[in-house]
Amino acid sequence: MNTPYVLPRSFRLLVTGGGTGGHTYPALTAIRTLQGRLADEGSTLDVLWIGTADGLEARVAPEAGIAFRTVATGKIRRSSNPLKMLSAANVKDMARVPFGVAQARSIVSGFQPDVVLATGGYVAVPAGLAARLCRVPLVLHEQTVRLGLANRKLASSATRIAVSSESSLPLLPAEVRERAVVTGNPVRPEVLGGRADKAMEALSLYGFDRRLPTVYVTGGAQGAQQINGVVREVLPWLLTHANVIHQCGPANVDELRSAAAALDPVLAGRYHVAGFLGTELPDVLALSDVVVARSGAGTLAELTALGKPTVFVPLATSAGNEQAHNARHLADAGAAIALLGEVTGAALQSAVGPLLTDPARRAAMAERVRTHGRPDAADRLVDVVLSAASV
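Residues numbered from 1 in each chain as written. Predicted model: local features only at pLDDT ≥ 70, side-chain atom pairs only at ≥ 80, totals over all residues. Heavy atoms only, no water.

## Considering the pattern of salt bridges
Okay, step 1: Scanning all chains against the criterion turns up ten salt bridges.
Okay, step 2: Note that Arg-37 is salt-bridged to Asp-379, the shortest N-O span being 3.2 Å. With a gap of 342 residues between them, Arg-37 in helix 1 (residues 21–40) and Asp-379 in helix 16 (residues 377–389) connect regions that are remote in the sequence.
Okay, step 3: The salt bridge involving Arg-59 is made with Glu-63; its shortest N-O contact spans 3.3 Å. One end of the pair is Arg-59 and the other is Glu-63, both in helix 2 (residues 57–63) and four residues apart, which spans about a single turn.
Okay, step 4: A relative accessible area of 43% means that Arg-59 is categorised as partly exposed.
Okay, step 5: Sharing partners across several salt bridges, the network here consists of Arg-37, Asp-379 and Asp-383. (Salt bridge = Lys/Arg side-chain N within 4 Å of Asp/Glu carboxyl O. Helix = DSSP H or I, 4+ residues; strand = E, 2+ residues; numbered from the N terminus. Buried < 20%, exposed > 50% of the residue type's maximum accessible area, 1.4 Å probe, protein only.)

Here is the structure:
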């Protein structure tokens, strides 16, 4: 993509956000994309990441060769009861925020970035407020349909607000809506380049029946007991209609392998269970015809960019019920199926069955979900960052 912004010989970017992969990996993808854009023009990028010592970003940033600093911050424990929001832990953590802002202001003043990019998580608040105090352009990126708590606190200070979905725009406060732009949620480039044949070879899927569709089941890196339970409940039925790759979490592998061992050997051969998928994931996604998954923002970004028909099982305890909002948004458009409320084996069977037995229905959903994908989201976000520097 092109931007009217004239690229400088060097660009200084301060990134803040993290705690989870949903905030961390979009930031990392944007950094890599900006590095590539600048390198193509003979320019360089100097990056500093502000995060927490115990967040995922504390590992990811140094591994990527990015300078990393920490500041004090506080995690707000949310509750529907306002009185519980005034818990001792919340009061203590909120008292840390002013100190964190002072630390972040010193860092921002010393680094003198052209732009501060905040991707959410409670660590983004001190650095975002410091950007305002230092009069540095602040770009927010929101991964979910609704603004997260940190981005809501920073919205009035932002130069630009990059959102992942058109449906986010009417949910923004009226006074900041004109500063919003739809970019999508950056997806790691490697996710988009998977090959089905490589998955077959890497995972030794020799018992798979290639005449059948393949279902990829995932509850995230640690697995999800809810998803594992309902899949186990319908496993014999599922394997008569599909091959299944199941990322169940390292602690659950033995239990599910035991369940598979009791099946007819032909059915058992169509079931591959893994604790965790790393470098194989892009190839597994390329092989998959249907996905059963949580509905976190990163998962939605990847599956919509790839055009994968999906049955979403939202995590009920996600912050602000954001996973249910994410899943419902696609389900209402006919681009996914959302299992909300109590999830049973029968409900999963009813949801996934028509996708497995009707290739035309599967293809139609794939076409619809692809219209919600933005594989160029990282480039769009980089355009916003560069344009903010010239405001």
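## Comments concerning the packing of helix 8 (residues 225–241) against helix 14 (residues 345–357)
Okay, step 1: The geometry of helix 8 relative to helix 14 is characterised by a closest axis approach of 9 Å and an angle of 25° between their N-to-C directions. Taken together, the axes of helix 8 and helix 14 are roughly parallel relative to one another. Note on packing geometry: the crossing formed by helix 8 with helix 14 is right-handed. Only Gly-345, Ala-346, Leu-348, Gln-349, Val-352, Gly-353, Leu-356 and Thr-357 of helix 14 make contact with helix 8, whose side of the interface consists of Val-230, Val-231, Glu-233, Val-234, Trp-237, Leu-238 and His-241.
Okay, step 2: Residues of the contact of helix 8 with helix 14, tallied by class, amount to nine nonpolar, five polar and one charged. (Axes fitted to C-alpha atoms, helices over the stretch in contact; angles between N-to-C directions. Parallel < 35°, antiparallel > 145°, perpendicular 65-115°, else oblique. Left-handed = near helix turned anticlockwise from the far one by under 90°. Contact = heavy atoms within 4.5 Å. Nonpolar A, V, L, I, M, F, W, Y, C, P; charged D, E, K, R; others polar.)

## A few points about the packing of aromatic side chains
Okay, step 1: The tally for this structure, following the rule as stated, stands at zero aromatic pairs.
Okay, step 2: Of note, Arg-12 hangs over the ring of Phe-111, and the distance from its end group to the ring centre comes to 4.2 Å.
Okay, step 3: In this structure, Arg-188 packs its charged tip against the face of Tyr-25, placed 5.6 Å from the ring centre. (Phe/Tyr/Trp six-rings, centres within 6.5 Å; stacked < 30°, edge-to-face > 60°. Lys NZ or Arg CZ within 6 Å of the ring centre and 35° of its normal.)

## Some details on the nonpolar core
Okay, step 1: If you look at the biggest cluster of nonpolar residues, it comprises 32 residues, and the most contacted ones within it are Val-215, Tyr-271, Val-311 and Leu-348.
Okay, step 2: Elements with a minimum of two residues in this core: strand 8 (214–218), helix 8, helix 9 (253–261), strand 10 (271–274), strand 11 (290–293) and helix 14.
Okay, step 3: At seven residues, helix 8 tops the list of elements feeding residues into this core.
Okay, step 4: Apart from residues no more than four positions distant in its own chain, Val-215 is found in contact with Ala-242, Asn-243, Val-244, Ile-245, Val-290, Val-292 and Leu-356.
Okay, step 5: Grouped together as the second largest cluster of nonpolar side chains are 28 residues, Ile-50, Val-71, Ile-107 and Leu-172 included. (Core = buried A, V, L, I, M, F, W, Y, C linked by side-chain atoms within 4.5 Å.)

## Focus on the sheet that holds strand 1 (residues 10–16)
Sheet strands associate in pairs through backbone hydrogen bonding, adopting either a parallel or an antiparallel arrangement.
Okay, step 1: Pairing within the open sheet is parallel, and its seven strands lie in the order 3-2-1-4-5-6-7. Among the strands making up the open sheet, the edge pair consists of strand 3 (67–70) and strand 7 (180–182). Averaged over all neighbouring strand pairs, the angle between strand axes comes to 25°, with direction disregarded.
Okay, step 2: Both strand 4 (residues 115–118) and strand 5 (residues 138–142) contribute to a ladder of three bridges, which runs parallel. Opposite Val-116, over in strand 5, you have Leu-138 as the bridge partner. (Pairing = 2+ DSSP bridges.)

## Brief notes about the sheet that holds strand 9 (residues 243–247)
Okay, step 1: On the basis of which strands lie adjacent, the open sheet formed by six strands has the order 10-9-8-11-12-13 and parallel pairing. Where the open sheet ends on each side, the last strands, each with one partner, are strand 10 and strand 13 (337–338).

## Considerations on unusual backbone geometry
Okay, step 1: At Gln-112, a position not held by glycine, the phi torsion is positive, near 50°.
Okay, step 2: You can see Gln-112 is positioned in the loop between helix 4 (88–111) and strand 4.
Okay, step 3: For Gln-112, a relative accessible area of 59% gives the class exposed.
Okay, step 4: Even without a glycine there, the phi angle at Arg-135 is positive, about 60°.
Okay, step 5: By secondary structure assignment, the location of Arg-135 is in the loop between helix 5 (124–133) and strand 5.
Okay, step 6: Judged by its relative accessible area of 80%, Arg-135 falls in the exposed class.

## Description of helix 8
Okay, step 1: The first and last C-alpha atoms of helix 8 sit 23 Å apart over 17 residues, in line with the 24 Å expected at 1.5 Å per residue.
Okay, step 2: Along its length, helix 8 shows its largest kink, about 70°, at Leu-235, and proline Pro-236 lies within four residues downstream of that point.
Okay, step 3: Along helix 8, the residues classified as buried are Ile-227, Asn-228, Val-230, Val-231, Val-234, Leu-235, Leu-238 and Leu-239. (Expected span 1.5 Å × (residues − 1). Bend = angle between axes of the 7 residues up to and from the residue.)

## Looking at the pairing of strand 5
Okay, step 1: Taking burial as the measure, the five residues of strand 5 include five buried ones, the bulk of the element.
Okay, step 2: A two-sided burial pattern is seen for strand 5, the buried positions comprising Leu-138, Leu-140 and Glu-142 on one face and Val-139 and His-141 on the other.
Okay, step 3: This β-α-β element, strand 4 to helix 5 to strand 5, shows right-handed connectivity.
Okay, step 4: Inspection of the sheet shows strand 5 paired to strand 6 (residues 160–163) by four bridges, in the parallel sense. (Right-handed = clockwise from strand over helix to strand, strands pointing away.)

## Remarks on helix 5
Every α-helical turn comprises 3.6 residues, leaving residues that sit three or four positions apart pointing alike.
Okay, step 1: With respect to burial, helix 5 is a largely interior element, seven of its ten residues being buried.
Okay, step 2: Residues Ala-124, Val-125, Pro-126, Ala-127, Gly-128, Ala-130 and Ala-131 constitute the buried set of helix 5.
Okay, step 3: Within two residues after helix 5, Arg-135 carries a phi angle of roughly 60°, on the positive side.

Nothing here speaks to function; it is all geometry.
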